[in-house]
Amino acid sequence: MSPRKRSRSSSISSSDSQPRKRQRSSSDGSEPDKRLKVYIVQAKLSADEVASLYALVDHHSVNESLDFELTPSPRDADVIVTAVHMRKRLERHIDWALAKEKPIVTPDWLFNSVSAGELLPCGKFAALSELHDETVHNCPDGDDDSDTAASSPPTDSLLHLRSPSQEPAASADLDWKSRYACCRASPLVCVNQHLVSRLAIIRRSRELEDDKISALSYDHAIGMIKSYPYELTEDRLNEVNSLPHIGPKMISRIEEYLDNGDIEEAETIANSQRYQSLEAFTDLYGVGATTARKLYAAGCRTFEDVERYYGVSYEDEAEEEADLDDGLKTEETDDLHLASQHNDRASQHNDRKPPRPLRFAKPKIPSITPRVALDLRDDLDQRIPREEVQEIFAVIVRELNAVRPGCVATIVGGYRRGKSLSGDVDIVIGHPNLSPTGKQVKGLSSRLVERLYERGLVTHLMYLSGFHAPDVTRAAHWDALEKALTVFVLPGGVRRRVDLIFAAPEAYWTAVVGWTGSKTFERDLRRWAAEQKELKFDSTGLTRRSNGELLVPTSEEDVFRLLGLGWVPPTLRNADA
DNA sequence: CGGCAATACC
DNA sequence: CGTAT
DNA sequence: GCCG
C-alpha cells in the first residue's frame, strides 16, 4: 500500500480556472514523476540559511514519498520558498502573475515537511498573506502518508485534546483492545492523560527502586490506557477491566482514581524526598537507578551533594559556564569514567600518558565523565523546541552532505511522534532506497562527527560505535548500524544531546521504525514479531527466526506489512506516558 | 510457573 | 554490572 | 504485575 498522493483536492479544485493544480509539471513525461521542484528565492536569506535549504532540497530526503529537487526557474517550480513577505520585494524575483499560480511558502514549510516526512499544507506557511489563498490552493500537499490507517478520522493526533465522544481508532485494523501497543493507536496525549500521569509516577518509582518487572506492568497498563478511546468513567470500568494488562491491582488503582481524582500512592511518592532525589540524580547522563540509590544511600539529596560527592574540582562557581574550554582541546580527557562505579573519585591527577602508538594525531573529542555530566546538566535537562530540532537537523544535513553527498536523513524519536518538546534529537542517516549503489555509509559516522567537532558543533562524544566486525553469525552484513551519541551545540546555543544513527541501505527503514519509538511501542513490536510471527525485529533488521533470512523492507509501511501489522503513523506510537 | 525487547559498551 | 539506546 |  505504498502511499501515493490521493488528491483529496477533488472538492477544492472547483475553481477550474487555475491550471494544473497538484500536477507536478508533467513536463518530463514518463511516469507521475513525484519529484517536487523547488525554487528558492535567496533574497533575505543568510548564506547559511540558503545552504541549509539547498542541502535539504538538493539531497531531497526522507521517504520515497518526499522527494525534492531544485529548479533554476520559478516558472517550472512546484513550490517557491522565500523569506520575503512583501509583494514589491517578491516581484523583483518573480513575476506577479506567475506568483499567483504557485504556492509561495516560507522556509519553514520545507523544514517542517522534511521533518514530518510528508508535504504539509501550505496554509500556515504562506510567505505572503496576500497570496495565502492561492498558496493554499496550489499547495502540493495532501498526498500520501498517514492515509493507510489514518485516513477516515482526522487522525492527526497532536491536537487531540478533544472531546470524549468520537470514533475509536477507526483506523484500519488498529485495535485498541490488542495486547500489543504496536497494534493500537496511541496519541501523544490521550483522553485519560491525567490518570496516565499518576500511573507514570508509580511506574517510575518502581523503576527507581529496582522493581523492573512491576514497572513493566505499569508500562503495559499505561499503554492500554493511552490507546483507550473513551474517557474513563464508572460505567466504563467493566470494559476497562477486561482489557489486557489491566489486572486486579490496576483496576483498584483506577477505581481509586475515579473516586478521589487521584491515587494516594502516587501522591506520596511524588512528594517524597527519596523519589525526588533519585529522579533528579538520574538526570545526569550515566547515572541510572542503581547509582542514584547509591548516591542517596551515601547521603546525597541534591545536586550540590552529588557535586561534592564527585569532588568539586571546581575552583568556584564564579566562572560560570560560557565554557569555551572545549574550543579545541587536543587532549584526551582521561578517565575516571561513567558513574557506574560508586565511590571512585579521589583518583584525581590522572596524568595523561601516550596510551598507544596511535598514529592518529586527531584531536580527541571529549567524552563524558561524572564531572562532565555534572557540567552538562544545566543544558541537557532543558527540553528542545521543535523549531530548534529542525535547525539542528538542517545544520547536520548540510554538514553531512559536505562529507558524503547523496545521503538522506530523517528526524526520528519523540520529535517524529509529534512532541512539541524533545529531550534529544535523533537522526537516522542513510540511503532510503536499497539502490545497488547504496554504498559507503560505513565509516561515515566518524567522519561526520570529526567534521562537526572541528566546527565546534559537537562538543562531546558520549559514544561512537566502532567499526567492529559484528557477527560471525550471519556474515555478509557489515555493521547494519553505526551510532554516534553526541552533545551538539549551535553557535551560542544550549548544548543538546544529538544521536546520529547511520544505517546501511538494507537497515534504513527498520532503523527509522526502531528509532521512532516510543519505548513501549518498540518493545511490543519485538514481542509481536517473536510471539506472533516467528520473526526477529530490531532496528538493525527483520529476520525470519527459522532460517535467519533477512527481510529487507523498502519503506516504512513495508516494515509494518512484513510484520503483518496495520500501519500506525508515527504520531500514534506514543504508547508511553 | 516462566517470561517479560534487544544490544552495545563500560 | 549498570547505563543507554 | 499480568499473561499464557
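Residues numbered from 1 in each chain as written. Chains lettered and ligands numbered in written order. Predicted model: local features only at pLDDT ≥ 70, side-chain atom pairs only at ≥ 80, totals over all residues. Heavy atoms only, no water.

Trainee: Whenever I open this one, a negative patch on the surface confuses me. Can you help?
Mentor: Side chains of E234, D235, E255 and D259 sit close together on the surface and give a patch of like negative charge. Relative to the assigned elements, E255 resides in helix α10 (residues 248-260). (Patch = residues over 30% accessible without salt bridge, like charges linked within 9 Å, V, L, I, M, F, W, Y side chains within 5 Å. Areas by Shrake-Rupley, 256 points an atom, 1.4 Å probe, with all protein chains shown as cover. Salt bridge = Lys/Arg side-chain N within 4 Å of Asp/Glu carboxyl O. Lys, Arg positive; Asp, Glu negative; His and termini not counted. Charge placed at Lys NZ, Arg CZ, Asp CG, Glu CD. Helix = DSSP H or I, 4+ residues; strand = E, 2+ residues; numbered from the N terminus.)

Trainee: In this structure, what is going on with the packing of helix α7 (residues 193-208) against helix α12 (residues 273-281)? I would like to understand it.
Mentor: Packed helices, taken two at a time, are described by the angle between their axes plus the distance between the axes. Where α7 contacts α12, the two axes come as close as 11 Å, and the packing angle between them is 75 degrees. As judged from the angle between their axes, α7 and α12 are roughly perpendicular. Contact residues: I201, R204, S205 and L208 in α7; Y275, L278 and E279 in α12. Considering only residue class, the contact of α7 with α12 consists of 4 nonpolar, 1 polar and 2 charged. (Axes fitted to C-alpha atoms, helices over the stretch in contact; angles between N-to-C directions. Parallel < 35°, antiparallel > 145°, perpendicular 65-115°, else oblique. Contact = heavy atoms within 4.5 Å. Nonpolar A, V, L, I, M, F, W, Y, C, P; charged D, E, K, R; others polar.)

Trainee: Help me understand α12 in this model?
Mentor: Each α-helix winds once per 3.6 residues, and so residues spaced three or four apart point in a common direction. Among all positions of α12, only Y275, S277, L278 and F281 are buried. On its buried face, α12 sits against α7, α11 (264-271), α13 (289-297) and α14 (303-309). (Buried < 20%, exposed > 50% of the residue type's maximum accessible area, 1.4 Å probe, protein only.)

Trainee: Can you walk me through the nonpolar core in this structure?
Mentor: Generally speaking, nonpolar side chains in soluble globular proteins are found buried as a group. If you look at the biggest cluster of nonpolar residues, it comprises 43 residues, and the most contacted ones within it are L195, V240, I246, I254, L295 and V306. The element that contributes the greatest number of residues to this core is α7, accounting for 7 residues. Dropping the residues within four chain positions of it, V240 is found in contact with Y228, L232, I246, I251 and I254. (Core = buried A, V, L, I, M, F, W, Y, C linked by side-chain atoms within 4.5 Å.)

Trainee: Got a minute to help me understand the protein's contact with DNA strand D in this structure?
Mentor: Around DNA strand D, the structure places R179, R206, I213, S214, S217, Y218, P244, H245, G247, P248, K249 and M250. Counting only atoms of DNA strand D within 4 Å of the protein, the sugar-phosphate share comes to 69%. Within the backbone of H245, a nitrogen or oxygen atom sits 3.2 Å from a phosphate oxygen of DNA strand D. One nitrogen or oxygen atom from the side chain of K249 is found 3.1 Å from a phosphate oxygen belonging to DNA strand D. Elements represented by at least two residues in the surface near DNA strand D include exactly α8 (212-227) and α10. (Near = heavy atom within 4 Å. Polar contact = N/O pair within 3.5 Å; in protein donor to acceptor, adjacent residues only side chain to side chain.)

Trainee: Hey, could you run me through the packing of aromatic side chains in this one?
Mentor: Any aromatic ring pair is given by two values, namely how distant the centres are and how the planes are angled relative to each other. This model, assessed by the stated rule, comprises 9 aromatic pairs. Taken together, a centroid distance of 5.3 Å and an interplanar angle of 80 degrees make the contact between W176 and Y228 edge-to-face. Placement of the pair is W176 in the loop between α6 (147-150) and α7 and Y228 in the loop between α8 and α9 (237-241), with a sequence separation of 52 residues. Overall, W176 belongs to the buried group, its relative accessible area being 10%. The interplanar angle of 85 degrees and the centroid separation of 5.8 Å between the aromatic rings of W176 and Y230 together place this pair among those described as edge-to-face. Taken as a pair, W176 in the loop between α6 and α7 and Y230 in the loop between α8 and α9 lie far apart in primary sequence, 54 residues in all. (Phe/Tyr/Trp six-rings, centres within 6.5 Å; stacked < 30°, edge-to-face > 60°.)

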